[in-house]
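Listed below are the residues making up each chain.
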Amino acid sequence: MASPNKEPDKSRSPYQGSMRGMVRDGYGHYLYQNAFFRYEGEWKDGKKHGHGKLLFKDGSYYDGEFVDGEIFGMGQRYWSSTGNTYTGQFVLGELHGHGVMIYKEGGKYEGEFYQGMREGPGTLTDKNGQVYQGTFHENKKHGVGQMTFNNGDNYEGDWILDQRQGHGVMHYADGSIYKGQWRNNVFNGQGLMIHCSGIIYDGLWINGYPATQASKIVILGPTVIEMVQGSSITLKVQLQTDDGEVVRSESGRALKIWAGVRYVQLSAFSNFCFFKVTGDAEVKPIQTPFGFDCIAYPLTLPAPGDPEMGASKSEHPEDDSCFQKEDLEPESLLESLLYRAKDDPDDQDEESQLTSSPGNQTFSSPHYQQVNHGYAEFHNVSLAAPPPEYHPIMFLDNIPNEEEDQQSQEAESSDNTEDLEEPPESRDNSPPQEKEPYLSQPPSPSDGSSLMAYAGEYVIMVQEITTPPFLGKTLPTAFVHLKVVPKEQQPPPEDP
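Residues numbered from 1 in each chain as written. Predicted model: local features only at pLDDT ≥ 70, side-chain atom pairs only at ≥ 80, totals over all residues. Heavy atoms only, no water.

Colleague: When you look at the overall build of the chain in this model, what are you seeing that I'm missing?
Modeller: Per the secondary structure count, the chain includes four helices and 33 strands. Expressed as a percentage of its 496 residues, the buried residues of the chain come to 42%. Within the chain, contacts between residues at least 6 apart in sequence are counted, and of these 46% link residues at least 24 apart. Roughly 26,400 Å² of accessible area belongs to the chain as shown, and the carbon and sulfur atoms make up 49% of that amount. (Helix = DSSP H or I, 4+ residues; strand = E, 2+ residues; numbered from the N terminus. Buried < 20%, exposed > 50% of the residue type's maximum accessible area, 1.4 Å probe, protein only. Contact = heavy atoms within 4.5 Å. Areas by Shrake-Rupley, 256 points an atom, 1.4 Å probe, with all protein chains shown as cover.)

Colleague: Can you help me understand the pairing of strand E13 (residues 154-160) in this one?
Modeller: It is a general feature of regular strands that their side chains alternate between the two faces of the sheet. In terms of strand pairing, strand E12 (residues 140-148) meets E13 through six bridges, oriented antiparallel. The partner of Met 147 across the bridge, within E13, is Tyr 155. Between the antiparallel neighbours E12 and E13 lie five residues, among them Gly 152 with a positive phi of about 100°. Sheet topology places E13 next to strand E14 (residues 163-171); six bridges connect them, and they run antiparallel. (Pairing = 2+ DSSP bridges.)

Colleague: For this particular structure, what's the right way to read the pattern of salt bridges?
Modeller: Any two side chains of opposite charge can pair, on the condition that their charged atoms come close. Throughout the structure, instances matching the rule amount to five salt bridges. Between Glu 40 and Arg 38 there is a salt bridge, with the nearest N and O atoms lying 3.1 Å from each other. Accessibility expressed as a relative area gives 21% for Glu 40, which makes it partly exposed. Close ionic contact of Arg 253 with Glu 250 constitutes a salt bridge, the shortest N to O distance being 2.3 Å. When salt bridges with common partners are traced through the structure, they connect Glu 250, Arg 253 and Glu 464 into a single cluster. (Salt bridge = Lys/Arg side-chain N within 4 Å of Asp/Glu carboxyl O.)

Colleague: Whenever I open this one, the packing of aromatic side chains confuses me. Can you help?
Modeller: Within a pair of aromatic rings, the relevant descriptors are the distance that separates the centres and the angle that separates the planes. This structure, assessed with the given rule, holds 27 aromatic pairs. Judged by centre distance (5.5 Å) and plane angle (70°), the rings of Phe 37 and Phe 56 are edge-to-face. Taken together, the residues span a long stretch of sequence, with Phe 37 in strand E3 (residues 37-44) and Phe 56 in strand E4 (residues 47-56) at a distance of 19 residues. Of the two residues, Phe 37 and Phe 56, both sit in the buried class. Taking the centre distance of 5.5 Å and the plane angle of 85° together, the rings of Tyr 178 and Trp 182 count as edge-to-face. (Phe/Tyr/Trp six-rings, centres within 6.5 Å; stacked < 30°, edge-to-face > 60°.)

Colleague: What's the story with unusual backbone geometry in this structure? I'm lost.
Modeller: When glycine is set aside, most residues are seen to have a negative phi, and most peptide bonds are trans. Cis peptide bonds are those with omega within 30 degrees of zero, and the linkage from Thr 467 to Pro 468 qualifies with -10°. Counting through the fold element by element, Pro 468 comes out in the loop between strand E32 (456-464) and strand E33 (478-485). In the Ramachandran plot, Asp 68 falls in the positive-phi region, its phi being about 50° despite a non-glycine side chain. Relative to the helices and strands, Asp 68 resides in the loop between strand E5 (61-67) and strand E6 (70-78). Of note in this structure, Asn 185 is not a glycine but carries a positive phi near 75°. Along the chain, Asn 185 turns up in the loop between strand E15 (177-183) and strand E16 (186-194). Since its relative accessible area comes to 26%, Asn 185 is described here as partly exposed.

Colleague: Before we go on, may I ask you to explain the environment of Tyr 32 in this structure?
Modeller: Its place among the elements puts Tyr 32 in the loop between strand E2 (23-31) and E3. A polar atom in the side chain of Tyr 32 sits 2.9 Å from the side chain of Lys 48. (Polar contact = N/O pair within 3.5 Å; in protein donor to acceptor, adjacent residues only side chain to side chain.)

Colleague: Help me out: how do you make sense of a nonpolar patch on the surface in this one?
Modeller: Taken together, the side chains of Val 67, Phe 72 and Leu 92 make up a nonpolar region of the molecular surface, amounting to roughly 260 Å² of accessible area. Inspection of the secondary structure puts Val 67 in strand E5. On the basis of relative accessibility, which here comes to 33%, the residue Val 67 falls in the partly exposed class. (Patch = residues over 30% accessible without salt bridge, like charges linked within 9 Å, V, L, I, M, F, W, Y side chains within 5 Å.)

Colleague: Before we go on, may I ask you to explain the side chain of Arg 164 in this structure?
Modeller: The topology assignment puts Arg 164 in strand E14. The buried charged residue Arg 164 lacks any salt bridge partner; its closest oppositely charged side chain belongs to Asp 153, at an N-O distance of 6.9 Å. With sequence-adjacent residues up to four places away left out, Arg 164 is seen in contact with Phe 149, Tyr 155, Asp 158, Trp 159, Met 170, Trp 182, Arg 183, Asn 184 and Asn 185. (Lys, Arg positive; Asp, Glu negative; His and termini not counted.)

Colleague: Even after reading the chapter, I still don't get the nonpolar core, so can you show me in this structure?
Modeller: Nonpolar side chains in soluble globular proteins generally cluster together in the buried interior. In terms of nonpolar packing, the biggest core is built from 35 residues, with Ile 257, Leu 383, Tyr 458 and Leu 482 touching the most fellow members. Excluding residues that lie within four positions of it along the chain, Tyr 458 makes contacts with Gly 260, Val 261, Phe 275, Tyr 297, Leu 383, Ala 453, Val 480, His 481, Leu 482 and Val 484. By size, the runner-up hydrophobic cluster in this structure holds 32 residues, among which are Leu 54, Phe 90, Trp 159 and Phe 187. (Core = buried A, V, L, I, M, F, W, Y, C linked by side-chain atoms within 4.5 Å.)

Shape descriptors only; they carry no functional weight alone.
Written out as C-alpha cells, the structure reads:
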C-alpha cells in the first residue's frame, strides 16, 4: 500500500492545480496511485504544505496542517471504524501534544498525548460519567490522580496502570472515609476508616477487609451469673475475632443491653416464678442458647449523675396489689422511638411484644454504649419491678392430698386462670373449693421486695444496633444467664 505522505510519481499527472515551472504550488487536488487516499489542499515546492485534507476511501479523514509533506501541527482526525474524533496537535502523523479525543460510545479525554497514546496530565470522562483528573502512562491512569465515580464516591491518591495502588483517600457518597494504603484497587496495608455509622477502624487491612475483624460480642465472666434480689451488676463486653482476639483497632459500634425472663418454668424450680402476660401485647418467646425461651423484661440503669443504682425505681403502691407500675425515666419517649427505629427490621419483629402497645414503652427503652477500642461496659445494671402486664405465678412445692390434687388439676384445665383465688390463711378444715391450688399469685411481701424483680431465671442480652451495619454485617447478639436469688438465700461468698 502506498503511503499517503509519499510524493506522487512525476511521470504521472494525477494532480489538478497550479504548477509553476512544473512544480506543484498553491491549492490543488491529488489522487494517489493507491486509490484509497486522496488529498486536497495547499502545496509548496511540490509538497503538501499549509492547510489540507487527506481523505480515506472508508470515510476516515485528516483535516489540518501539513509541513513539508507531513502531517504536522493542529488538525482533526476522524476514524470511521471506531467513530472517534481527535482534535489537537500532531507530529509526523501521530497524536502528539495537547488534544481532545471524543469517543463514539461516550466520554472524552482532554490532555497530553505522546506518540498516539494518553501520556502525562489529562482529564478522562468515561461513558458512564465517571471523571478522572491526573496523570497517564501508555493510555492508563498512572501516578497521582483524582477519580469521581458515578455513584458519588471520590478517590484521590496514587494509581498504577489503571489500579488504585499506593496511598489514597476515598470519600464515599454515604459519608464514610478511608485513608491509607491500597493495592489492586482495594484496601491493603495500614489504613483508617471512619464509617458513616460512627465506627472507626484504624489498623491493618487485607484485600479490602480488616485484618482483625470483629465477628462476635463476648460478655466477660461466667455464663451463669447469680445475683441477689434487688442488687445490680456491671457487665464488661469485648468485641472479638473468631479466634478470640480482642479487636482493639475498632471503636464506635453501638450496643444495646436488654433482658428477658424465662417464659416457661418447670416444677423442679419451685423457688422461681413465671409470668402470665395480659393486655393487648402479643408475646413472642425469644430463643436463648440455654435451652429455654424467654420474654422481654425491663432493665434499669443509673441516670446521669447517679453514682449507684441498686434496686429499680418504682411508684408508691396505690392499692393492695403486689404488682406496681414501674417508674423508669432513663430516656425520653422520643429517644426511645429514635433508637427503636435504628433496630433491624427482623429485630423489630422479634421484639414486637415490647412495642405493640403504649403501655409497654418502658420495656423497649434502649440502654446503649459505644465500643471503645474493642471494649464496652454497662454499669449498675438492675432488673426492674415486674410491669403491670406481667402477673407472676408461683410453683408450690407440697401437694396437700389427693383432694387438693384433683382440685388443682381442675384449675389447670380451666382457661380462666385469672379466677384463681388467693390461698387462705389456714388450710385446716377448709372446704375443697377454698384449698390452695398448685399455682397461685404470691402474697404481697412486707419488706419492699415488690419493688424488685422476683427470684427466678433471667437472660441479659447485648445486641448491636449500629446503623448502617459496618461492612454490611451486624454482629450476633450475646447472651448471659442470670439467676436472681431471694435475699435470704444469698449464696455464701466464694473462697479466694
